[in-house]
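Spelled out, the chains give:
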Number of protein chains: 2
Amino acid sequence: MPTINDIAAKLGVSKSTVSKALNNAEDISQSLRKKILETAVEIGYEKKRIRKNAPKKLCILVENMDYKNPSGFGHDLVIGFEQMAVPAGWEVDLVVMSPEKQSQTSYDAFMLGHQYEGAFILGFSLLDPWMQDLKTARTPAVLYDNYILENPLVAYVGVNSDEGFHMSVSYLKKLGHRRIGYLGCNMDSQISRERYQAYLRAMELHKLDVNMDLVGRSPFISKCIQEYLPLLLKRQATAILCEHDQLANAVLIHCAELGFRIPEDISVIGFDDAAFSAYASPPLTTIRQNQNALGRCGYYALASLLNNTFISSLLLRAELIERDSTGPARRFPS
Amino acid sequence: MPTINDIAAKLGVSKSTVSKALNNAEDISQSLRKKILETAVEIGYEKKRIRKNAPKKLCILVENMDYKNPSGFGHDLVIGFEQMAVPAGWEVDLVVMSPEKQSQTSYDAFMLGHQYEGAFILGFSLLDPWMQDLKTARTPAVLYDNYILENPLVAYVGVNSDEGFHMSVSYLKKLGHRRIGYLGCNMDSQISRERYQAYLRAMELHKLDVNMDLVGRSPFISKCIQEYLPLLLKRQATAILCEHDQLANAVLIHCAELGFRIPEDISVIGFDDAAFSAYASPPLTTIRQNQNALGRCGYYALASLLNNTFISSLLLRAELIERDSTGPARRFPS
């Protein structure tokens with residue numbers, strides 16, 4: 001097991017300088033500190049808590065997600081995680097992340113530098129620099145709605161997309177819908193790809209044809225709304241499944257502008273049950289994610305990894321929330 | 001909330017008779033007891049522990065699986081579950097099941113009659129009568145390697161099949177293999193279907209053609225070995241992925257009988273890392289399932305369901321164990 005001496009020898013600095021870097025002391029330059037941390041990670045140094053009563057620390061890394069407002073999507077994820085972690089004796093830091101911050105240091109060096117033993121990661125996109133780091137990271141991490149194929153130290157928590165789309169398609173089919181379209185944006189995310197695949201599998205499971213004329217996917221929400229939505233309406237889709245509630249809400253607004261009644265002319269279903277969805281016009285039928293439960297599961301998955309139980313994924317059940325944006329299928333004159 | 005009185009009224013029996021049935025007393029006939037339990041389930045009766053120190057009970061239902069011998073596949077699943085459940089204050093009963101026993105009473109009535117609050121279910125096939133009951137069951141259950149689509153009170157634990165086949169195909173590809181075949185039997189199981197799908201997805205992920213001439217699936221292991229295996233060999237497969245180690249072991253034996261050398265002529269990979277796999281001839285390369293970790297995860301999933309956290313699935317990472325049944329791909333004269 002490499003020691004502080006090995007780091008010092010490799011960089012030609014004193015042991016006390018290395019110690020300062022590892023303990024976040026103030027009298028050391030940021031560039032030297034960074035060099036020492038990256039070297040420590042490179043040679044496989046692992047910090048031990050020397051004092052038995054030193055705090056055990058975890059972090060929640062947040063990006064692209066509102067966690068401050070009680071109505072923000074991340075709020076209850078954070079609460080749920082803390083509800084489990086704090087009674088178990090952990091100190092939990094909330095750290096706001098950005099691609100820029102990530103490109104300044106590696107994930108492992110960041111974690112070592114702050115003495116975090118594991119991370120719960122919210123809102124990262126596939127393009128975030130640390131998504132590459134996580135493929136070989138040695139500090140345990142649990143990703144909400146993201147998945148790393150090969151690293152057993154990284155686990156994935158989320159809601160079962162297949163169940164969500166199965167429930168939506170099953171429900172719409174009972175209402176007489178057959179021409180069920182799909183709109184998705186946000187292609188740089190793992191979950192975006194997964195939800196689209198789940199839509200395709202649900203249609204197949206229910207023996208409904210997937211008509212690619214009724215599918216629109218673009219990284220630009222404006223393109224989904226202004227280009228694909230009118231096409232789906234023209235092509236007589238009777239229902240549209242949306243990748244997430246924000247998109248579904250934009251669909252509701254634009255349909256009204258185009259003179260289409262919801263749900264008489266077209267049914268719309270979202271995904272997430274965001275805080276605004278119950279107050280959309282009309283209130284949005286959607287698939288709920290229970291964020292508090294997801295946060296609690298995030299902690300359990302991280303605790304398991306820290307305990308050498310290598311969970312790959314932990315998925316919660318989806319739940320269909322029926323509101324007023326869905327109704328019996330419109331009949332077109334044949 | 002229905003009470004004992006409601007059950008008694010519905011059946012025209014006394015309250016004390018109902019109480020005897022619910023408390024497993026001896027002076028009541030089995031047929032009357034069964035009728036009372038089924039009625040209790042039908043009207044939605046839920047038994048409360050009246051005395052605070054009454055034991056909290058869970059059960060492990062086992063079928064088609066050796067759990068008695070330390071080398072049996074179920075042994076460590078049971079141990080892992082108990083290691084978590086017992087310190088948490090649960091009494092755990094191990095109950096050997098059969099389709100006959102299942103057809104005598106419904107799952108919920110059985111659980112109510114024995115005062116079990118939840119079950120960890122090992123080794124059921126898709127044809128087991130209770131697999132139908134579980135679609136609407138109200139007593140929480142965690143299934144090892146089985147999945148119920150619509151009931152949030154039933155969760156699934158297992159090893160990630162996609163990761164397992166990804167690792168196998170990735171490893172074989174590095175050894176120069178392109179013509180990678182698949183053999184599977186045991187079609188009545190959820191996991192059999194899933195592993196076959198995982199094989200197809202792994203081949204696609206690694207941009208290898210799936211040649212249906214190199215795929216053999218049959219409920220009869222004899223058909224796999226005597227009919228499909230010779231065909232795969234004749235069609236110049238250089239490697240065979242097997243659904244489980246038992247099948248892989250039969251492949252090793254039959255290849256030797258047919259004069260094929262392993263791994264020089266053909267590489268073979270199993271799934272499970274059963275106890276005999278390290279001692280096969282040659283020792284078998286396989287995907288390990290960590291049964292102890294699976295048992296522990298089984299308990300966590302059940303505890304979550306009992307706590308109204310509706311886990312859908314909890315999958316462990318797969319692990320490739322390299323032994324001597326795999327080697328560089330054979331080159332055929334073109």
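Report on the accompanying structure. (Residues numbered from 1 in each chain as written. Chains lettered and ligands numbered in written order. Predicted model: local features only at pLDDT ≥ 70, side-chain atom pairs only at ≥ 80, totals over all residues.)

### Here we look at the overall build of chain A
Note the cut-off: Where helices and strands are cited, they refer to DSSP runs of H or I of at least four residues and of E of at least two residues respectively, numbered from the N terminus. Counts of 20 or more other C-beta atoms within 10 Å of a residue's own C-beta define buried residues, counts of 12 or fewer define exposed ones, and intermediate counts define partly exposed ones; C-beta atoms are placed from the backbone. Note that contacts rest on C-beta atoms placed from the backbone: two residues are in contact if these are within 7 Å.
The number of helices and strands found in chain A is 12 helices and 12 strands. Relative to its 334 residues, chain A shows a buried fraction of 48%. For chain A, the proportion of contacts with a sequence separation of at least 24, taken over those separated by at least 6, is 71%.

### Thoughts on the interface of chain B and chain A
Applicable threshold: In this count, Pro and Cys sit with the nonpolar residues alongside Ala, Val, Leu, Ile, Met, Phe, Trp and Tyr, while Asp, Glu, Lys and Arg are called charged and the others, Gly among them, polar. Here, a strand pair is defined by DSSP locating no fewer than two bridges between the strands.
With 17 residues of chain B in contact, the opposing surface of chain A contributes 17 residues. Of all the secondary-structure elements, those providing two or more residues to the side of chain B that touches chain A are helix H8 (161-174), helix H12 (291-306) and strand S11 (311-316) of chain B. Per-element tally for the side of chain B that touches chain A: the top contributor is S11 of chain B, with 6 residues. Along the lines of polarity and charge, the residues of the side of chain B that touches chain A split into 9 nonpolar, 5 polar and 3 charged. Pairing of strand S11 (residues 311-316) of chain A with S11 of chain B involves 5 bridges; the strand directions are antiparallel. Counted as the bridge partner of leucine 316 of chain A is isoleucine 311 of chain B from S11 of chain B.

### Focus on the pairing of strand S8 (residues 239-242) of chain A
Residues and elements named next belong to chain A. A two-sided burial pattern is seen for S8, the buried positions comprising Ala239 and Leu241 on one face and Ile240 and Cys242 on the other. As defined by bridge partners, strand S6 (residues 180-184) adjoins S8 across 4 bridges and the pair is classed as parallel. Bridged to tyrosine 182 within S8 is leucine 241. The sheet contact formed by S8 and strand S9 (residues 267-269) spans 3 bridges and is parallel. By the bridge assignment, isoleucine 240 is partnered in S9 with valine 268.

### Brief notes about unusual backbone geometry
Residues and elements named next belong to chain A. At the junction of isoleucine 262 and proline 263, the peptide bond is cis and its omega measures out at 10 degrees in the coordinates. Along the polypeptide, proline 263 turns up in the loop between helix H11 (245-257) and S9. Despite not being glycine, lysine 207 shows a phi value in the positive range, around 55 degrees. According to the C-beta neighbour criterion, lysine 207 is exposed, with 7 such atoms within 10 Å.

### Some thoughts on the sheet that holds strand S6 (residues 180-184) of chain B
Residues and elements named next belong to chain B. Heads up, the rule is: Angular values range over 0 to 180 degrees, each being the angle between N-to-C directions of two axes fitted as lines to C-alpha atoms, with helices fitted over their stretch in contact.
Pairing is parallel across the open sheet formed by 4 strands, whose spatial order is S7-S6-S8-S9. The two strands at the open ends of the sheet, each matched to only one other strand, are strand S7 (215-217) and strand S9 (267-269). Recorded for the sheet is a direction-independent mean angle of 15 degrees between the axes of neighbouring strands.

### Observations concerning helix H4 (residues 75-85) of chain B
Of all the positions in H4 of chain B, only Asp76, Leu77, Val78, Gly80, Phe81 and Ala85 of chain B are classed as buried. Summarising the contacts, the buried residues of H4 of chain B are in contact with strand S1 (56-62), strand S2 (90-96), strand S3 (116-122), strand S4 (141-144) and H12 of chain B.

### Remarks on the relation of the copies chain B and chain A
Worth spelling out the cut-off: For this overlay, a least-squares fit was computed on C-alpha atoms, restricted to residues scoring pLDDT of at least 70 in both copies.
Structural alignment of chain B on chain A gives an RMSD of 0.0 Å, achieved by rotating through 180 degrees and translating 0.0 Å along the axis. As the rotation angle and translation indicate, the two copies are arranged about a two-fold axis. Closest approach to the rotation axis among the C-alpha atoms of chain B is made by leucine 314 of chain B, whose C-alpha sits 2.2 Å away.

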